[in-house]
Each structure stands twice: as C-alpha cells, then as structure tokens.
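# Summary of the model geometry
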Amino acid sequence: MPSVRGTRTRTACLLSPLLLTALATAGLGLPLAAAGAAHAATVTLEAESAVLSGGVRAESEHPGFTGSGYVGGFTDGNKGSASVAFAVPSASAGTGSVAIRYANGTGGAQTLSLYANGSKVRQISLPATANWDTWGMLQESLPLAKGANTVTLSFTTTDSGNVNIDRLTPTTPTTEPTDPPVTLTHQAETAFASGGPTVAGSAGSGGTGYLTGFTTPGARAVFSVSAPAAGTRQVAVRYRTPGANAATVTLHANGSPVRRLTLPATSGAWATLTTDAPLRAPLNTLTLRTEAGDNGDFQLDGVDVTGSTPNAARGATLPYTTYEAEAGVTNASVTAADRTYKTLASEASGRRAVVLDQTGEYVQFTLTKATNAVTVRYSMPDNAAGTGTNATLSLYADGTHTKDLALTSKYSWVYGAYPYGNDPSQGEAHRFFDETRTLTGTFPAGTVLKFQKDAGDTAASYAIDLVETETAPDPAAMPGTGFVSATTLGVTPNDGSDDTAALNSALATVKGQGKGLWLPAGTYDISGHVDLAGNVLRGAGEWHTTLRGKNGKGGLFGRGGTNTVQDLTLNGGADHRDDANSDAAVEGDFGNGSTLQNVWIQHSKVGLWIDAPTRGLLATGLRIRDTYADGVNLHKGTSGSEVSQSSVRNTGDDALAMWSEASAVTDCVLRLNTVQLPLLANGAAIYGGSGNRIEDNLIADTVTGASGIAVSTRFGIPFSGPATVQRNTLSRTGGYEPNWQSKLGALWVYADASEITTPVLLQDNDILDSTYSGLLVSWQKNVSDLTVKNNRIAKTGNYGIEINAAGSGTFSGVTVTEAASGGLSLAGGFTVNRGAGNSGW
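Residues numbered from 1 in each chain as written. Predicted model: local features only at pLDDT ≥ 70, side-chain atom pairs only at ≥ 80, totals over all residues. Heavy atoms only, no water.

## Observations concerning the sheet that holds strand β21 (residues 283-289)
Read across the open sheet, the five strands follow the order β13-β16-β21-β18-β19; overall the sheet is antiparallel. Whereas interior strands pair on both sides, the edge strands pair on one side only; in this sheet they are β13 (192-194) and β19 (256-263). In this sheet, adjacent strand axes meet at a mean angle of 20° when their direction is disregarded. Sheet topology note: the strand β16 (residues 220-226)/β21 ladder contains seven bridges and is antiparallel. What sits directly across from Ser226, in β21, is Leu283. (Pairing = 2+ DSSP bridges. Helix = DSSP H or I, 4+ residues; strand = E, 2+ residues; numbered from the N terminus. Axes fitted to C-alpha atoms, helices over the stretch in contact; angles between N-to-C directions.)

## Section: the pairing of β19
Note that strand β18 (residues 247-253) and β19 share seven bridges and pair antiparallel. Residue Thr250 lies in a different strand from β19, and its bridge partner there is Arg260. In textbook terms, the turn of a hairpin is the stretch between consecutive antiparallel strands, and for β18 and β19 this stretch comprises two residues, one of which, Asn254, has a positive phi near 50°.

## Digging into the nonpolar core
Ranked by size, the top nonpolar core spans 75 residues in total, and within it Val586, Leu608, Leu786 and Phe811 carry the most contacts. Here this core gets five residues from one element, more than from any other, and that element is strand β64 (residues 775-789). When sequence neighbours within four positions are dropped, the list of residues in contact with Phe811 reads Leu775, Leu786, Val788, Ile801, Ile803, Phe830, Val832, Asn833, Arg834, Gly835, Asn838 and Trp841. Counting 29 residues, the second largest nonpolar core, distinct from the first, contains Ala50, Ile124, Val151 and Leu168. (Core = buried A, V, L, I, M, F, W, Y, C linked by side-chain atoms within 4.5 Å. Buried < 20%, exposed > 50% of the residue type's maximum accessible area, 1.4 Å probe, protein only. Contact = heavy atoms within 4.5 Å.)

## Examining the packing of aromatic side chains
Taken as a whole and assessed by the stated rule, the structure comprises 16 aromatic pairs. Ring geometry for Phe214 versus Phe298: centroids 4.6 Å apart, planes at 20°, classification stacked. On the criterion of sequence distance, the pair formed by Phe214 in the loop between β15 (210-212) and β16 and Phe298 in the loop between β21 and β22 (299-308) is long-range, its members being 84 residues apart. Overall, Phe214 belongs to the buried group, its relative accessible area being 0%. Between the aromatic rings of Trp740 and Tyr750, the centroid separation amounts to 5.9 Å while the plane-to-plane angle is 45°, which identifies the pairing as tilted. Pair noted here: Trp740 is in the loop between β59 (735-737) and β60 (742-744) and Tyr750 is in strand β61 (residues 747-750), with a separation of ten residues, a long-range link. On the basis of relative accessibility, which here comes to 32%, the residue Trp740 falls in the partly exposed class. (Phe/Tyr/Trp six-rings, centres within 6.5 Å; stacked < 30°, edge-to-face > 60°.)

## Some points on the side chain of Thr469
By the element assignment, Thr469 lies in strand β33 (residues 462-470). Assessed through its relative accessible area of 3%, Thr469 is described here as buried. Ignoring sequence-local partners within four residues, the contact set of Thr469 consists of Pro319, Tyr320, Thr321, Tyr323, Leu367, Thr371, Ala373, Val374 and Leu449.

## Structural notes on the sheet that holds strand β29 (residues 390-397)
One open sheet holds the five strands; their spatial order is β24-β27-β32-β29-β30, and the pairing between them is antiparallel. Pairing within the sheet leaves two strands with one partner each, and these edge strands are β24 (329-330) and β30 (400-408). Pairing analysis gives four bridges linking β29 to strand β32 (residues 448-452), with the strands arranged antiparallel. Within the sheet, the bridge partner assigned to Tyr396 lies in β32 and is Lys450.

## What to know about the environment of Pro473
Structurally, Pro473 can be placed in the loop between β33 and β34 (483-485). By relative accessible area, which is 58% here, Pro473 ends up exposed. Separated by 158 residues in the primary sequence, Pro473 and Gly631 place their C-alpha atoms 26 Å from one another.

Structural data, given as structure tokens:
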C-alpha cells in the first residue's frame, strides 16, 4: 500500500522560476536539448530523484520498480500537500506528453492532479493495478514551454490519492509547432450499433440522424475515437429523453466500464452531459451500453471528445508508421516494378523491394516519429526441403549495432497447384514474404534505422519490402476486480507446455463467477480449440500476450453467448494451407453483441471465420497477417456485424469476404480497413445476401485471380437484397485468372452461378492504376438495377469500363482517364443509361 512514513508537510504545486532553473541544472534529467534539435526528446525521470514534498518520500518496499525505488506517501494523511515535481527540459514549446508509471493496489481507480509549470492541466485517473507489486502506465498530454519545465503530480483536496509513483517519461514537442488536439464530434448515425439501436431522422440533432432503441439490455453504440497519447479525455454525450424521467446507461472505454451515466430528463429537447474516459493512443472504442440496472430510455445524437484527433477518412487508423524500402536510402539493388504472378516484385507493396545480397548492403530510414517496436516484411530463400531456413539480419541505430533480427523462411514459400503445399519439387513457387516483429528499446524521431547484411547474416539474400515502426505500450495491468488472472487457475505461460485444457478450464471457472479471464504477458501454447461461450478474454497487449498454436492447430472457437476478446496475439504456427486439419485463429458462433478488439493474427489458416447465428459482432483494430486462406469471412447467416479499423495483409485467399453459403449474410459491413497484397482472390467481396456494404477502405496490390472489390454470385446463394460499395480507394488492383485466362477488373460485378437482379450501388470510389480494366461487369448473365455514381477511374491497363453481361445500369459522374484500351468496351446486350457528369468513355 502507499507509504505513510514521513511527517513533513509543504505545499509544492507552484514552483518559482528560480526553482525551475535549479531543477534543470541539478542533474534531475538530461540537459536542455539544443535549440536546433530535429526530433522529440524522450528521457526517463525516476520519481525518487525528483523534488518531493508534502509527506511523500522514496520507498522500496514493493518490487518491480525501476531505478533505486519509487515514491510513496500519497496517503490520506498527506491529502492537500503531497507532491512530486519533475524537471522536464524541452527544445521547443508545444504539446508534449508524459508517461506515468505507477502502482494502485486499492482495487479501484484513484486520482491525482497534473500540473505543468504551476498551472493545473487536469485531474488524472489512474486505474487499479492487480496489486501493489504490479505497475501500470498512464500517458497524459500537456503543454510545455521551451527550456526548463516542471511537471508536478499533486494529491490535492479534490483527489483520492493513495498510489505509488515509480517514474515519469516525458515526450517533448518537436521544434516544428503542431496543432493541439481538438474537440471532435462523433455522430451516432456513423457509430457501430447492435442489440437494438437503429438510425432515425435528424429531428433537430446534429449530423444526419440519431440512434434510438437503447432500452434492451446489451444495446450499444460504439465509437472509434483516436487520441495522440494515452490519458483521460473529456467526453460530452449529446442526447435527449423522450419523457420526464432520467435515463441511465454505462460508458465503456476499450472494453472496460468507466461509470454509469445518469442523463437528466429533457422531455424531448437535446442536451449534453459532460464526463470523461481514459483513452489509449491512437485508436479507441468508446461505448455506451445498456447494462443490467440501466433503463436506456434515451436517444443518442453523438459524443464530442476533447483532446482527440481525426480518424483516417479511408482505410484504418493505424498505430504505426510505414517506410517503403524502395523509398529508403540504400546501396543495394531495387527491384523493377512488376505485376507478373510468381515474381518477387508482384508480391511486394507498391510492387518494388530492396534486395540485400552482398555483405555490407543495407537499406535505412530516418524516423519521423519515436519508436520502440519494429515490424519488417521480408523474404529469404527457402531450403531444398521446403522446411525453411533461419538467419539473422543486423539492425543499426545511428550507426550503432543494436540487435540481430531473427528471420525465417518457414512461413513463406508455397508450391504446386491450389491449395499449395510445402514441397519445392512441385515447382510454381510463390508467397515469398513473411513478417517479423521485435521490441527495440526507444529510438527518438530523427534516428536513422539501418537494416544491413553483415558477415554473420548468412542468408543468401534478404528482400526488404517495408518496415513499420510504432510505440508499443508497456504490458497492461489486470483491469480491476472484474477479472481473474489465468496464472491463479493453473495456466502457466512461457513453459512450453500445452495450455489448451487449462485455458478451457479457467474460462469455465471465471464464467461461473461472472468475471473475465486475464492473460498476463507471456506466451501460452495451444494445440486445439480454446472455447468461448459468453466469456471475456483479455491480454496485456498485442506485443506482450501471445496464444501460440503448433503446426496450424490452435485457435479461439465461439460456442455462442456474448464474448469479448482483446489485447493479445494469436500465432497459429501454420506453414501452408490445410483446410481439412488446420484451425482458424477465430471461428464459430459469437452469439449477439460480441467484440474482438486489438487482436494480432498471424500464420493461421484463416483469421476470422464467423458463422450463424452470430449477430452484432464488432471486430475492430485487428492486424491479420500472413494467413493461408481468407483474412476474414463473415459466413453463412452472420448478420448485423462489422469489421473495421483493421489491417489485413498477405492473405492466401480473399482478404475480407461476406459469403452467403446456404443462408444469407445480412446487414454486415466491411469499412475503414487497410488491405494489402491478398495473394489469391479479392481485396474485399460480397457473395450474395442482403444489405451488405463495403465502405471507406484502402485496398492495394492484389496478385492473381483477383479484383480489388467483387460483388459476385460465384459462391453461395443468390442476392436477396441490395449490395453497396462506396468511398473506397483501389490502387494497383485486379489480376489475371490463369485457369480462365481472364483479366479481372479492379472493381468487379460478376453474375456467375446466378443473375444479380437486386440493387447494386457503386458510388464515390477511386480506382487508380488498375492492372486491367477499372470496372468489369460480367459474365453474360443478367445484371440489372446497377447504379454507378461519382466514380473516378484513373489509369488502367485495359479499358476504363468493360461490360460483358445482359441487363442495364445507370451511370453518372463517372470519369475515366488514361485507359490503355479505351474508355468503354460494351458487349452482351447490356444497356448503359447515361446520366450527367460522365467523361472519358
């Protein structure tokens, strides 16, 4: 518990300029950065070396601290006076942040007040850690002046205190001023809703509508909210009640309940309730959900979040910065751009890569943002047996060797005919690339990261496609009293033993207790299905908690109920496609209102394979990489579900699909995702069903048998309702289908097994640098009720628009430029109804 030792009391919230200078020159932190520094500075400041006052003092009773101890004494007896003040030098003025490492074993969130240079920034909330020996991290933004700053944590009379402080890590502004975070409006009609809410007309609200129908338990609206740094943010809820009674609903942030909100009655008038919530960086889910005891008797217009930043308008809002190898500095060879199937370049992002095949060759990048974690997409030669080779690659930071990256070709290189195996004697080699990730220690912006083939790096060659850098947070602490640690229920990480049975037993136990299962940082080996039947399963973060399969076996299997899975990695261990024997990473029935959030999936047969009667599933913030079949398949009667804000790369089949096999997939949406390099089939596809949508995605670099987006009856039952494809950007998509000897368009409407007679809307899409035709409508069956509106087709390898079908469609605002074979090829008896605004065809 917090220290109660020491009786000195002294107020220390406001420090004089003289003391600021003294702190900066007393060795409490680094010297002031030079005025010309080109990047943000990061430095760790130990609390026990800071200025302590009001009864706090250095202690070492509880293990796990850094430095020589931590600061305790933020106890009730010192309320109103206890403070710890840190000296923070900054090369420039602007908005910075501080990461606070703390322990809070009280079982509930506690508060302190954060000051910068004597001015209160805000009251901060420090969530409970598992106990006093467990340390958590909270990041808060704050204004910093150029030169010496004092950042103070104080236990004021309005705080609850009772925490221990280990250290503070500031990130100071760059020398180039940046705009501070602003208050952003998130409209309810664009949120993900499940369990009852539906969109109603505007009726005086903001935006184009509002949500109504929260009275059923489990009804929810989920907003995707970005923040520049972790910390507590002000949230204003815009609502109205239909009558004279107050409404109640529970606010959640990233899957954790924050508090029950009481919304005062408004009798039909719109009003605002202001509260706050702890957010991460960058992407969060902020949820209003009707829990047991809530009446949900309100209508929701949206939320305004202060200190938030805009999400990407198209594609996912991603936590990393991407550096394409061909854009780096190198002394090695850069492949020529090539889209020919089974060439290395055809599988590279942007169709180019850097090849290091001589000792001393390198590719390097100058970091634009600080990082402590690196992902490298690479290719190495396979061995003669097809089982893979292992080798290192050297990583340098500003010319100093920092790490040997462990690489393997085990999970790349497949051979022969579909579905492809691991026997090189079958020829037809492809799937050249894989990815590796590593924590590196912190490198500030401006650091030059170099990837070099040294004498000890024994692979014949290393093709580097891209590098992604990010700031991975420390392992999260167990969130409060609603969870039980798996390690207390017989599940032991990092011992190499099979944890499948122990995990299933633990999940059954905590479900009976009405609690979630917490997986502390570590690796848990699984060899079969980990069953979810109304469970909450949570890890310490994608970089820290891993479920590791073996030879393609091991994954999460939904058995019904409302399930939540978040903050972990699933690595299936598959090295080729085996549909009969391998497991999907996540599969099955996920009941009503389930959530998958911040899950990293790699080396599995499939990422997500979701079946009926799943309804209202939200899958968001996923990274799906290097699967051997689909990335995501919403399958066989799944309804009202969404996949969003996710990165999907290097899948062996459709990256994102909705497949109405046997029963219709209805009212599902794939939106705001970034899709790259599906090696076979489409970036995204709708196969039958009704009310399904593909919206606001970035899709790039399809390889073979592929379109960027397909609306198709090739598989499954016919369409029974509308399909919508709008506001997507397709770059370098489309591909050759060797079995049919067909050139597939970037955007493809395909009437194959059955006609398409229900409405299809293609609107506001940008179709760029297509391998063949920009829009293809085929194949000789009827496609009627097609609307093509405000689409831009720029640069194609074939026609701008190619149609070989019966039926008709209305085209307006469709522009075609730089089409190699001409603007339009029309066959099959299709009637084009031309509206206004068309050009180039």
